[in-house]
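For reference, the chains in residue letters:
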Amino acid sequence: MSWTEIQGSEVPLRCWLQLPPAPRSLVVVLPEVFGINDWMRSVASRLVAAGHGALVLSIFARTAPELDLAYDDEALQEGRRHRDAVTVSGFQRDLDVVLGWIANQPALASLPLAGLGFCFGGHLAWYMACRPELQATVSFYGARVSSLSPGGGQPTLQCAPAIPGIFEAWLAADDPLMPPEEQQAIKVALSLADPKGQRLRSSTAQAAGHGFMCDQRLDYQPEAAEQGWQSLVQLLDGLESR
């Protein structure tokens with residue numbers, strides 16, 4: 001496990017890389033508004049324990065390249081300030097660089113690639129899922145995809161038809177940041193883009209709120225978190241070698 005600085009974008013990207021001895025895949029992870037904090041690094045450790053590598057991206061590199069926040073109100077406000085400075089175009093440029101870097105690493109280039117995002121990272125995961133390099137992407141409670149796109153433009157949901165691989169959006173039944181109207185819009189968009197639900201789908205964690213996967217947040221819901229995690233690992237285990 002180590003901090004890895006990836007060069008080539010407008011700013012250096014300080015990422016967290018963690019690999020098992022013989023990774024079955026590499027998962028590109030997009031963090032919450034709290035940055036690459038202790039919990040995000042623990043997610044990487046859990047992926048490694050399940051046999052998969054993890055590369056956690058610095059999605060706030062332009063304004064807070066070493067963002068690492070705890071879960072309190074002041075940290076949330078700081079994280080949201082950095083979130084609001086992110087643009088899809090900037091994220092796409094960073095992702096181009098990161099995917100190019102992966103392709104040039106002998107130990108990583110042949111691994112199946114997957115994507116994973118939480119909170120704001122779950123929002124950006126919709127765009128990452130559009131990349132043909134990724135076989136599958138999972139978004140956990142990526143809010144506001146039906147109402148906006150970071151930096152402006154059509155709402156993020158419009159990219160659903162452009163997703164070539166497997167995509168799963170995890171929703172929380174009691175999420176105040178993703179009201180029923182948004183959750184329904186997500187389900188409709190995925191259904192229209194893939195009527196048979198063979199690649200694009202949503203799952204709803206019952207009796208759970210925003211942040212239910214994170215054991216450091218008040219919204220942590222152990223049963224829902226375990227359900228989401230097992231679903232993720234099952235998906236990763238089924239990826240095909242490149």
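The coordinates are above.
Residues numbered from 1 in each chain as written. Predicted model: local features only at pLDDT ≥ 70, side-chain atom pairs only at ≥ 80, totals over all residues. Heavy atoms only, no water.

Draft legend 1. Structural detail: helix 1 (residues 38-49). Look at helix 1: 16 Å from first C-alpha to last across 12 residues, which is about the 16 Å you get at 1.5 Å a residue. By the burial criterion, the buried members of helix 1 are Trp-39, Met-40, Val-43, Ala-44, Leu-47 and Val-48. The inward-facing, buried residues of helix 1 contact strand 2 (13-18), strand 3 (26-30), strand 4 (53-56), strand 5 (113-118) and helix 6 (222-237). Positive phi appears at Gly-51, one or two residues downstream of helix 1, with a value of about 100 degrees. (Helix = DSSP H or I, 4+ residues; strand = E, 2+ residues; numbered from the N terminus. Expected span 1.5 Å × (residues − 1). Buried < 20%, exposed > 50% of the residue type's maximum accessible area, 1.4 Å probe, protein only. Contact = heavy atoms within 4.5 Å.)

Draft legend 2. Focus on the sheet that holds strand 1 (residues 2-6). The strand order 1-2-4-3-5-6-7-8 describes an open sheet built from eight strands, whose pairing is mixed. Two strands bound the open sheet, and with one partner strand each, they are strand 1 and strand 8 (200-205). Each strand of the sheet is rotated relative to its neighbour by a mean of 20 degrees, with strand direction disregarded. Where strand 5 lies against strand 6 (residues 134-140), six bridges are found, and the strand directions are parallel. Bridged to Phe-118 within strand 6 is Phe-140. Across the sheet, helix 1 lies against strand 1, strand 2, strand 3, strand 4 and strand 5, angled at about 35 degrees from strand 2, the strand it touches most. (Pairing = 2+ DSSP bridges. Axes fitted to C-alpha atoms, helices over the stretch in contact; angles between N-to-C directions.)

Draft legend 3. Here's a closer look at empty space enclosed by the protein. Counted by the stated rule, this structure contains two cavities of 30 Å³ or more. One number sums up the size of the largest cavity: a volume of about 50 Å³. Lining the largest cavity are Arg-14, Pro-31, Gly-35, Ile-36, Leu-57, Ser-58, Ile-59, Phe-60, Ala-64, Pro-65, Glu-66 and Leu-67. A per-class count over the lining of the largest cavity returns eight nonpolar, two polar and two charged. (1 Å grid on protein atoms, 1.4 Å probe; cavity = no way out; pocket = protein on both sides within 12 Å on 5 of 7 lines; lining within 4 Å. Points joined across faces, edges and corners; volume = space filled by probe spheres on them. Nonpolar A, V, L, I, M, F, W, Y, C, P; charged D, E, K, R; others polar.)

Draft legend 4. Just the packing of aromatic side chains, in detail. Scanning the model with the defined rule gives 12 aromatic pairs in all. Between Phe-140 and Trp-170 the ring centres are 5.9 Å apart and the planes differ by 20 degrees, which places this aromatic pair in the stacked class. Of the two residues, Phe-140 sits in strand 6 while Trp-170 sits in strand 7 (residues 166-172), which places them 30 residues apart along the sequence. Taking relative accessible area as the criterion, Phe-140 reaches 0% and is therefore assigned buried. An aromatic cluster is present here, built from Trp-39, Phe-118, Phe-140, Tyr-141, Trp-170 and Phe-212 joined pairwise through their rings. Here the basic side chain of Arg-41 rests over the ring of Trp-16, its NZ or CZ set 5.9 Å away from the ring centre. The ring of Trp-229 carries the charged tip of Arg-46 above its face, separated from the ring centre by 4.1 Å. (Phe/Tyr/Trp six-rings, centres within 6.5 Å; stacked < 30°, edge-to-face > 60°. Lys NZ or Arg CZ within 6 Å of the ring centre and 35° of its normal.)

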